[in-house]
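# Close look at the chain arrangement
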Amino acid sequence: MSIPEQDDTVVRLRGPLSADVITAAAEQHGVCVRPFTMEVTDSDTGSVRHVGVPCGSTVESVCAPCAKKAKALRMVQCREGWHMATEPVDRRGEATADQRALVEYRADLVAAYRESVENGEAGEADELREEIRTVDGELHASGMRGRMPNPDGAGRRAPKRSTKRRQDVPDLPRLKVAKRTVGREYAGAYRPSMFVTLTCDSYGRVRGDGSPVNPAAYDYRRAARDAVHFASLVDRWWQNLRRAVGWDVQYFATVEPQKRTAPHLHAAIRGSVSHEVLRQVTAATYLQVWWPSHDEQVYGRYRLPVWDPEEREFVDPDTRAPLTAWADAVDQVEDPAHVATFGAQVHSKGILGGTEESGRHIGYLTKYLTKSTGEVVEATTDAQRAHHERLHAELQITPCSPRCAVWLLYGVQPLGVTSKTVPGHCKGRAHRRSTLGLPGRRVLVSRKWSGKTLADHKADRVGFVRRMLAAVGIAKPERDTSRLVWRKLAPGDTSAPPRAHLLMHAISERITWRAEYETALLAAQPPPGESNLSATRPMAA
Ligand SMILES: [Zn+2]
Ligand SMILES: [Zn+2]
């Protein structure tokens, strides 16, 4: 037995062990366990250092500290808007420097895209289009709202709609919607708000574990389509509710899967609405989906349409006849492909602000936000597993949007089809086994809820801690970061320190920070004998 061999063993054993220990310590101190490494160069001095940037995951099993922080922020957002007594100020109109830069970049991309289309450079155009889509995603992630103009320009045909195809008007009172977003005050003191739960319709009787009593009779097609269109149905519900009550109702809502895997909605609504009105609006709300019919599959696993590079479209593999283009397929629609409705059950409850009950309901609303959909509806019985498999199979042949590659299975070319489109394979979340069709956005917040973005709420928190520390003489000046050049490290870049070093550094920073914060908290507490009044306003001193 030689010593070097022994050393190797020790190193092999110690490596993963110490990484586990460091990760556990990071979790304990609330430090991100899987930070991205950024290289930061000071353009004045030329010095380079590496900084760990929190991963920002919202899923606890991925990164518990980041997920807990994200959830805490959502709770703050929910609380701030729920019982607001004055109209929030909308600060979202102002574009940030990042957004302006992205919009300029997008304009350049669109110009290049149009040029390549004109020159017939198909591959180049496809890539540019993909990049434009990525930029749009970044713009939306940065808090920008609304749809960006179509890169193909206004030349795109607007679908012709016959009067027959207009969305039917639900049988509800229709009032003019006033600008007011805050609820009424009762008896000069009480300003109740609502907690509401909406469910999907029934698709067949289910057992206690959510699996169907009779799987053969369970309507999986309707279940899949309702799940795909749930978010749009919910949007329609808010519109109908606002018209029925005559004011601009605001909400903070979360979408969660029920045991039977159908989505349901929990919503905090600002202001009070009678249960009867909520019930009427729910019963009268429906969504007609004016998409091409997709009841009969034309192609399947063994026979798929093929791409014709000359004509730049999908054609039948045998006859070479082109598949119906999206615009033509939409023009031919006579009846809605699907009509989504809610289930008859509506739960609603009036809740007063600042009460134990309101805190408990904010807890319900945000309870599952740190879990992925698959973790919320974990299958533990064979019947549940079979139920999930069957629903997933249905979702794989259910188109999720006009751009969905699943359309090709029904003989229709989706919007924006390219040589890279793979028939039946769409990356949309709706088709993934882990989501079971639940909408991608699990938190739905109306525009005038708190008058703040999540970034604003985060900045509030940082500012609060800064002021707290400043009050006890610990100054944390805002550093001038304009000279710093940030670069994300490519995977496998060996110039960066190992992740363990970044974690250790972050942990030690956190310990220092916490010590300072606790000093500030102690200092803010009144000396014994002073009234509670001063304790509630430590910053005023
Ligand atoms: Zn993290
Ligand atoms: Zn899709």
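Just above, that's the structure.
All values derive from a computational prediction rather than experimental measurement. All residue numbers refer to position in the chain's written sequence, counted from 1. Just so you know, chain letters begin at A and ligand numbers begin at 1, following the order they were written in. Whole-chain, interface and lining totals are the exception, using all residues; otherwise, since this is a predicted model, local features are given only for residues with pLDDT of at least 70 and side-chain atom pairs are given and counted only at 80 or more. Only hydrogens and water are set aside; all other atoms, that is, all heavy atoms of the structure, feed into the side-chain values.

### Quick notes on the overall build of the protein
Each helix and strand in the protein was counted, giving 14 helices and 13 strands. Here the term buried applies to any residue with accessible area under 20% of the maximum for its type, exposed to any over 50%, and partly exposed to those in between, with areas from a 1.4 Å probe on protein chains only. Classification of the 541 residues of the protein by burial places 38% in the buried group. Contacts are assigned to residue pairs with any non-hydrogen atoms lying within 4.5 Å of each other. Put simply, 75% of the contacts in the protein that link residues at least 6 apart link residues at least 24 apart. Here the Shrake-Rupley method, with its probe set to 1.4 Å, supplies the accessible areas, and only the displayed protein chains count as covering residues. For the protein, the accessible area works out to roughly 30700 Å², and carbon and sulfur atoms hold 53% of it. Helix numbers and strand numbers start at the N terminus; a helix is a DSSP run of H or I with at least 4 residues, a strand a run of E with at least 2.

### Structural notes on the coordination of the zinc ion (ligand 1)
Surrounding the zinc ion (ligand 1) are the protein donor atoms Cys-32 (SG), Cys-55 (SG), Cys-63 (SG) and Cys-66 (SG), which sit 2.3 Å from the metal. Keep in mind that water is not among the atoms, so a site may look incomplete; donors are the N, O and S atoms within 2.8 Å of the metal, or 3.2 Å for Na, K and Ca. In this scheme the shape depends on donor count and angles: four donors with every angle between 85 and 135 degrees give tetrahedral, four or six donors with opposite pairs above 155 degrees and others between 65 and 115 give square planar or octahedral in turn, and any other case is irregular. Geometry at the zinc ion (ligand 1) is tetrahedral, judged from its four donor atoms and the angles of 106 to 112° they form at the metal. Read N to C, the donor residues that coordinate the zinc ion (ligand 1) are spaced as C-x22-C-x7-C-x2-C. With Cys-32 in the loop between helix H1 (3–28) and strand E1 (36–42) and Cys-66 in helix H2 (residues 64–82), the pair connects residues that are 34 residues apart, well separated along the chain.

### Remarks on a negative patch on the surface
A surface patch of like charges, here negative, comprises Glu-115, Glu-118, Glu-121, Glu-124 and Glu-127. Elements with a minimum of two residues in the negative patch: helix H3 (97–118) and helix H4 (122–141). Its place among the elements puts Glu-124 in helix H4. Patch membership requires over 30% relative accessible area and the absence of a salt bridge. Like charges are linked within 9 Å, and nonpolar side chains (Val, Leu, Ile, Met, Phe, Trp, Tyr) within 5 Å. By definition here, a salt bridge exists when the distance from a side-chain nitrogen of Lys or Arg to a carboxyl oxygen of Asp or Glu is within 4 Å. Only four residue types enter the charge count, namely Lys and Arg as positive and Asp and Glu as negative; His and the chain termini do not. Here the site of a charge means NZ on Lys, CZ on Arg, CG on Asp, or CD on Glu.

### Brief notes about the packing of aromatic side chains
Pairs were defined over the aromatic rings of Phe, Tyr and Trp, the Trp ring being its six-membered one, requiring ring centres within 6.5 Å. Orientation was assigned from the angle between planes: stacked under 30 degrees, edge-to-face over 60, tilted for the rest. Going through the model one piece at a time under the given rule, you end up with 11 aromatic pairs. Judged by centre distance (6.1 Å) and plane angle (75°), the rings of Tyr-203 and Tyr-218 are edge-to-face. Taken together, the residues Tyr-203 in the loop between strand E3 (193–200) and helix H5 (220–228) and Tyr-218 in the loop between E3 and H5 connect sequence positions 15 residues apart. Residue classification places Tyr-203 among the buried positions, given a relative accessible area of 4%. Relative to Trp-238, the ring of Trp-237 has its centre 4.9 Å away and its plane inclined at 75°; by these criteria the two rings are edge-to-face. Given a relative accessible area of 0%, Trp-237 falls into the buried group. Given the relative accessible area of 2%, Trp-238 is considered buried. What links up through ring pairs into an aromatic cluster is the set Tyr-203, Tyr-218 and Tyr-220. The ring centre of Trp-449 lies 5.5 Å from the NZ or CZ of Arg-270, which sits over that ring. By definition, being over a ring means that NZ of Lys or CZ of Arg is both within 6 Å of the ring centre and within 35 degrees of the ring normal.

### Concerning the pattern of salt bridges
All told, the structure shown has 18 salt bridges when counted by the stated rule. Between Glu-357 and Lys-349 there is a salt bridge, with the nearest N and O atoms lying 3.2 Å from each other. Using a relative accessible area of 24% as the deciding quantity, one classes Glu-357 as partly exposed. Residue class for Lys-349 comes out partly exposed when judged on its relative accessible area of 36%.

### Things to note about the sheet that holds strand E12 (residues 443–445)
Here, strands pair whenever DSSP counts at least two bridges between them. With antiparallel pairing, the six strands of this open sheet are ordered in space as E6-E10-E3-E5-E4-E12. In the strand order of this sheet, the two ends are held by strand E6 (286–289) and E12, each with one partner. The mean inter-strand angle of the sheet, taken between neighbouring strand axes irrespective of direction, is 20°. In this structure, strand E4 (residues 251–257) lies alongside E12, joined through three bridges in antiparallel fashion. Its bridge partner lying in E12, Thr-254 is registered against Val-443. To obtain an axis, a line is fitted to C-alpha atoms, over the contacting stretch when the element is a helix, and the angle between two such axes runs from 0 to 180 degrees between their N-to-C directions. Across the sheet, helix H7 (residues 275–284) lies against E3, E6 and strand E10 (338–351), angled at about 170° from E10, the strand it touches most.

### What about the coordination of the zinc ion (ligand 2)?
Looking at the metal site, the zinc ion (ligand 2) is ligated by Cys-400 (SG), Cys-404 (SG), Cys-426 (SG) and His-431 (NE2), spaced 2.1 to 2.3 Å from it. Coordination at the zinc ion (ligand 2) is tetrahedral: its four donor atoms span angles of 103 to 117° at the metal. Binding-site remark: the zinc ion (ligand 2) is held by donors from one chain whose sequence spacing is C-x3-C-x21-C-x4-H.

### Things to note about the sheet that holds strand E2 (residues 48–53)
Strands sit in the order E2-E1-E13 across an open sheet of three strands; the sheet is antiparallel. Edge strands, defined here as strands with exactly one partner in the open sheet, are E2 and strand E13 (484–488). With direction set aside, neighbouring strand axes in the sheet form an average angle of 30°. Pairing of E1 with E2, which is carried by six bridges, proceeds in the antiparallel orientation. From the neighbouring strand, Thr-37 faces E2, where its bridge partner is Gly-52.

### Examining the environment of His-501
Relative to the assigned elements, His-501 resides in helix H13 (residues 499–524). Once the C-alpha coordinates of His-501 and Ile-22 are considered, the two residues, 479 residues apart in sequence, prove to be 9.4 Å apart.

### Remarks on the side chain of Asp-209
Along the chain, Asp-209 turns up in the loop between E3 and H5. Only 2.7 Å separates the side chain of Asp-209 from the side chain of Ser-211, close enough to count as a polar contact. Distance and chemistry together define a polar contact, namely a pair of N or O atoms within 3.5 Å, with one atom able to donate a hydrogen and the other to accept it when in protein, and with adjacent residues in sequence counting only for side-chain atoms on both sides.

### Some thoughts on the environment of Ser-495
You can see Ser-495 is positioned in the loop between E13 and H13. A relative accessible area of 47% means that Ser-495 is categorised as partly exposed. C-alpha of Ser-495 to C-alpha of His-50: the two residues are 445 residues apart in sequence and 9.4 Å apart in space.

### Re the packing of H2 against helix H9 (residues 356–366)
Look at H2 against H9: their axes get within 10 Å of each other, and the N-to-C directions meet at 130°. Taken together, the axis directions place H2 and H9 in an arrangement best described as oblique. Two packed elements cross with a definite hand, and for H2 against H9 that hand is right-handed. Each of Lys-71, Arg-74, Met-75, Cys-78, Arg-79 and Trp-82 in H2 lies in contact with H9, whose residues at this interface are Ser-358, His-361, Ile-362, Gly-363, Leu-365 and Thr-366. An angle below 35 degrees is read as roughly parallel, one above 145 as roughly antiparallel, one from 65 to 115 as roughly perpendicular, and any other as oblique. Helix crossings are classified by the rotation of the near helix relative to the far one: an anticlockwise turn of less than a right angle makes the crossing left-handed, while a clockwise turn makes it right-handed.

### Some points on H5
With seven of nine residues buried, H5 lies mostly within the body of the structure. Those residues of H5 that fall on the buried side of the exposure criterion are Tyr-220, Ala-223, Ala-224, Arg-225, Asp-226, Ala-227 and Val-228. The secondary structure elements touched by the buried residues of H5 are helix H6 (230–245), strand E5 (263–269), E10 and helix H11 (382–396).

### Concerning the packing of H6 against H7
Put simply, H6 and H7 touch, their axes get as near as 10 Å, and they point 135° apart. In this view, H6 runs oblique relative to H7, as classed from their interaxial angle. The crossing of H6 and H7 is right-handed. Counted together, Trp-237, Asn-240, Leu-241, Ala-244 and Val-245 of H6 and Val-277, Leu-278, Val-281 and Thr-282 of H7 form the full contact between these two elements. Residues are grouped as follows: Ala, Val, Leu, Ile, Met, Phe, Trp, Tyr, Cys and Pro are nonpolar; Asp, Glu, Lys and Arg are charged; all remaining types, including Gly, are polar. Looking at side-chain class alone, the contact of H6 with H7 contains seven nonpolar, two polar and no charged residues.

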